[in-house]
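# Results of the structural survey
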Amino acid sequence: MSALLAIEELSLVFRTRHGTVRALEDVSLTVDRGEIVGVVGESGSGKSVMAYAALGLQDAAAQVLGGRILFGGLDMLNAAPDVLAATRGREVAMIFQSPRTALNPIRKVGQQIADVLLEHTTFRGAALRAQVIEALSRVRIPDPERRAEAYPFELSGGMCQRVMIAMALACSPALLIADEPTTGLDVTTQAVIMDLVREMSRTSRMSTLLITHDLGLAGEYCDRIAVMHAGHIVEIAPTVELLARPAHPYTRQLLASTPTPRTTIADLVSIPGQLPDLRQELPACRFSARCERHIPLCDERPLPWTVVAPGHAVRCRVPL
Amino acid sequence: MHFFWKRLLGTIPSLIGVVLVTFLLSHALPGDPAAYFAGPAANATSIAEVRAKLGLDRSLPVQFLHYADDLRQGNLGNSLTTGQPVLSDLIERLPASIELTFFALAFAVVAALPLGVWAATRPDSIVDHSCRALVSIGAAFPTFFIGLLFVYLFYFLFDIAPQPLGRLNEILYTAPPRITGAYTIDSILAGEWGVLRASLAQLILPSVSLGMFALAPIARITRAAMLQALGSDFIRTARASGLPTRKILINYAFRNALLPVTNVLGMVFSFLLGGSVLIEQVYGWQGVGAYAVTAVISSDYAAVQGFVLTMAFLYVMLNLVIDLLATAIDPRVRFES
Amino acid sequence: MNTLARNAAHAFGENRLTLVAVVILALLVLCAIFGPSLAPYDPLMTDGAARLVPPSAAHPFGTDALGRDILSRVIVAARLDLGMAVAAALLSFVGGLALGAIAGYFGGWPDRIISRVMDTIMAFPLFVLAMGIVAALGNSVLNVIVATVIINLPFYCRFARSEVNVRREMGYVEAARMGGNTALPVLVTYIVPNILPPMMVQVSLNMGWAILNAAGLSFIGLGVRPPTPEWGIMVSEGASFIISGEWWTFVFPGAALVLAVFCFNLLGDGLRDLLDPKRRT
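Computed from a predicted structure; not experimentally measured.

Here the focus is the sheet that holds strand β7 (residues 175–179) of chain A. Residues and elements named next belong to chain A. A sheet is described by the order of its strands in space; here eight strands give the open sequence β6-β7-β8-β3-β9-β10-β12-β11, paired in mixed fashion. For this open sheet the edge positions go to β6 (92–95) and β11 (306–309), each flanked by a neighbour on one side alone. For this sheet, the mean inter-axis angle between neighbouring strands, taken without regard to orientation, is 20°. When strand β10 (residues 232–238) meets strand β12 (residues 312–314), the two strands line up antiparallel, connected through two bridges.

Set out below in structure tokens:
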């Protein structure tokens, strides 16, 4: 069976006033039906850029140099605008960080959900209204009839994110892309939101692509995790495997810098160096400048994938 | 509707301030109103008589109370030039000014909103650059100069506009029976379509010249607000939800951009009400502005004060309308207050 | 300083128009200073034989109904027009800064009174208020300036008030206060110098409006009296010849007005870009 979402060797740059930013290089990733895949990396690693490209929503300054994105067989990078618009919101939906600003501030939240349903379904009038209430109660918003009449500023951040999820799931999409969905929410709300996302995935066999900088969060909720660094995917593995046996030096450092219930502050290690400037000429392995295992061979192109275990691949000459 | 009353009450301090300022302008400033009202042939005794008659010999607070009481009774004094009560002079001419200002505003809004939206959806395109050029140039043209240029171009050179001599060519047409005082509305009510056509023809040049100056700030702010709205997170959400471009542009971006636009309307009305004085002068428009200019030149005190008071009152009310409009657009405003 | 220089290079390099505006304004200022000696004719000299002469080599801008050379009148008028606008803008700048600083620094009842007064001024359509003021004070150039100052005051005052209000709480001001400085030295040495640059931007953005305002008042016959050359009154005098097609009588003084206002606006935009590149529009 082919994957629901297949990103194949995608390379993408931004042409800016200050030079060309090589945001993604040779990125490949698949998401199967019902699967929750995490993409983890520091901010600026290109994970959000990849997510937007998957929706065909890349910035006007973005230019795809190679590769393609197939969603259920549809070529997302070359599809006609109306085909893309019909797919977005119905087949693939997205939720964002800072839910408060992601909702239209001067439109009632029920109306915003209705906008999506109006566009993608045949529900009208009372049936439409019932669907809106249904969507809100599915994400366990108490008193949905009343909340549907509220404006975003009248709701808490967590409640707004629930509305976002309700909106994203209103048309029962096959894929949900969640871009840092819990950033900016308090810790208890984070867990509630993530439990909700997982439950929705499980009950409706919806696939989820979770974009996050938090390896701990991804470890808790994902089936598989891809680690991104400076526009490259450097390692990809089933969650248990990745957490137990990280093969890429960057993944190991990322793990060491992630707090778990058993670590103390003293155990946490920060990753030395910073992301390379993506406008400059870059080495084959973009982590090499930060890596203590760097050897001359690392600088030879192309940088190959090494399969260290079934389903566990790493892009490193000297894996752990 | 509790909200509406609160806003209405909020205009009271402004109105008190306006009355106070017009009072000060006419009573507490250099120059002797008594000597002035007594006329050029007056001597000391007759001036003193006038002073006592006008109550100018009493203390300022007492004078203010009298002034306020006169206002309450609608007594703005008599005009020296027309010999009529100022109030009836103003009521007679106000519809003409309001009609002109309304058409100018309509022109400015109808031209500026699409222009600003268009420019914002195509940043750095030719449309965008021409919008910005038009905004800069429009802001630099004095209203009266635009008015005169239009007369020269469209009346003298191209001969497509009627003679700029007032609201109606009185030789060919007679004014419709007065109901509202606005010729366009009255001629519709009377069913006199020829008069309607003629009065609209007279209106076009003055209202476009007056509207030009208001066009610049509206287009400028529409463009900026649209750019900001289009770059915001909720537009990204709407696009990610597959909403059609038209709906995103109108229901999402434009509605949000309207709030800054309504906020600039206050300034626009200030321009329009001030500019209408100059435009009425250029086009021989028989409104309150032209009346006031005559009054100012001939030192007709009461008429000028009445005019200033009327315009300020109108402006305060317009600001109230703008406020209510902003509340209708943005629910947050209602909750902030 | 380095960033300022870089911003300046950017503002001028990016936007040649700003440079053009500066050059034209410099020319206008030259006219204002040396006007009478630059003008080819005496601006008041009438010539019955050369009435309403169209633009020609002898009279590049033509002559008016009394045979006066329009070019000379336009040049000489620069002093009065710019003078009125500069005087009005500077006075309202100083007054607005002082009132705004007091309101913003002390808060409380001085703030309430000053803000209330400014709100009251803003409750009028400003040009209408200016007409009322000139009518009450008497029809003179000085009173046109006074009226322009009053209607511009709220903009400067509000701006200064909010700037001072923000800065009052800042660390370096706190420190100066702790160090035993009283209100006036704190305001003058620590706060005002920091808000001067943005205020200067306001001045140049405001200049154009001050010119339009003064010219509008002269157009309806307030302030300047004939035969004094002034752009607004010249446009007004020329207006009667539109119907007979003598366009040069009003176009050239009007164009001078447009040019001056346009350049001040451009300069203001350029200055704003220079001081605050982020707020570019």
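This next bit is on the environment of Ala302(B). Residue and element names in this part refer to chain B. By the secondary structure assignment, Ala 302 is in helix α13 (residues 301–329). Classification of Ala 302 by relative accessible area gives buried; the value is 12%. Once the C-alpha coordinates of Ala 302 and Leu 80 are considered, the two residues, 222 residues apart in sequence, prove to be 8.0 Å apart. Setting aside its immediate chain neighbours within four residues, Ala 302 contacts Leu 76, Asn 78 and Val 86.

Here we take up the nonpolar core. Ranked by internal contacts, the top residues of the largest apolar core, which has 158 residues, are Phe144(B), Phe307(B), Met131(C) and Trp231(C). Lining this core are residues from two domains, each supplying at least three of them: domain 1 (2–72) and domain 2 (86–172 + 207–336) of chain B.

Position of Glu119(A) among the secondary structure elements: in helix α4 (residues 109–120). Among the residues examined, Glu119(A) registers a relative accessible area of 35% and is labelled partly exposed. The spacing of Glu119(A) and Ala150(A) is 31 residues in sequence and 21 Å in space, taken between C-alpha atoms. Setting aside residues up to four positions removed in sequence, Glu119(A) forms contacts with Gly242(B), Leu243(B) and Pro244(B).

What follows concerns the interface of chain B and chain C. On the chain C side, the residues contacting the 49 residues of chain B number 44 residues. When the two sides are added together, the surface that chain B and chain C hide from each other amounts to roughly 3700 Å², 81% of it contributed by carbon and sulfur. Across the contact surface, chain B and chain C share one salt bridge. A salt bridge links Arg220(B) to Asp269(C); its shortest N-O distance comes to 3.7 Å. For the pair chain B and chain C, the interface holds two residue pairs in polar contact (both at pLDDT 80 or more). Where the side of chain B that touches chain C is concerned, the elements lending two or more residues are α1 (2–27), α6 (126–140), α7 (143–157), α9 (193–230), α11 (245–283), α12 (288–297) and α13 of chain B.

Note the cis peptide between Arg301(A) and Pro302(A), where omega equals -5°. Positionally, Pro302(A) belongs in the loop between α11 (249–256) and β11. A cis amide bond, omega 5°, links Pro226(C) with the succeeding residue Pro227(C). Structurally, the position occupied by Pro227(C) is in the loop between α8 (183–219) and α9 (231–238). In this structure, Ser172(A) is a non-glycine residue whose phi angle is positive, near 50°. Relative to the helices and strands, Ser172(A) is located in the loop between α7 (157–169) and β7. The exposed category is assigned to Ser172(A), whose relative accessible area is 57%. For Arg205(A), which is not glycine, the phi dihedral falls at a positive 50°. Residue placement: Arg205(A) occurs in the loop between α8 (187–204) and β8 (207–212).

With that settled, the discussion passes to the pattern of salt bridges. The full count for this structure, using the stated rule, is 37 salt bridges over all chains. Of the charged contacts, one joins Asp128(B) and Arg132(B) as a salt bridge, the two residues approaching to 3.8 Å between their closest N and O atoms. Of this pair, Asp128(B) and Arg132(B) both sit in helix α6, four residues apart, which is roughly one turn of the helix. Look at Asp128(B) and you get buried, because its relative accessible area is 1%. Overall, the relative accessible area of 31% leaves Arg132(B) in the partly exposed class. Between Asp119(C) and Arg158(C) there is a salt bridge whose closest N-O contact spans 2.8 Å. On the criterion of sequence distance, the pair formed by Asp119(C) in helix α4 (residues 108–122) and Arg158(C) in helix α6 (residues 141–168) is long-range, its members being 39 residues apart. Look at the salt bridges and you will find they share partners, linking Asp64(C), Arg68(C), Arg73(C) and Glu237(C) into a network.

Once that is clear, we can look at the domain arrangement of chain B. Residue and element names in this part refer to chain B. Along its sequence, chain B is carved into domain 1 (2–72) and domain 2 (86–172 + 207–336). With 17 residues of domain 1 at the interface, the matching set in domain 2 holds 17 residues. With both chains or domains summed, domain 1 and domain 2 bury close to 1500 Å², and 78% of this area falls on carbon and sulfur atoms. Here domain 1 is connected to domain 2 by one salt bridge. At the surface where domain 1 touches domain 2, the tally comes to one residue pair in polar contact (both at pLDDT 80 or more). Among the secondary structure elements, those contributing two or more residues to the side of domain 1 that touches domain 2 are α1, α2 (33–38) and α4 (60–72). Sort the elements by how many residues they give to the side of domain 1 that touches domain 2 and α1 lands first, with twelve residues.

Reading guide: rules and limits
Residues numbered from 1 in each chain as written. Chains lettered and ligands numbered in written order. Predicted model: local features only at pLDDT ≥ 70, side-chain atom pairs only at ≥ 80, totals over all residues. Heavy atoms only, no water. Pairing = 2+ DSSP bridges. Helix = DSSP H or I, 4+ residues; strand = E, 2+ residues; numbered from the N terminus. Axes fitted to C-alpha atoms, helices over the stretch in contact; angles between N-to-C directions. Buried < 20%, exposed > 50% of the residue type's maximum accessible area, 1.4 Å probe, protein only. Contact = heavy atoms within 4.5 Å. Core = buried A, V, L, I, M, F, W, Y, C linked by side-chain atoms within 4.5 Å. Domains from an automatic or database assignment. Buried area = accessible area lost by both parts, 1.4 Å probe. Salt bridge = Lys/Arg side-chain N within 4 Å of Asp/Glu carboxyl O. Polar contact = N/O pair within 3.5 Å; in protein donor to acceptor, adjacent residues only side chain to side chain.

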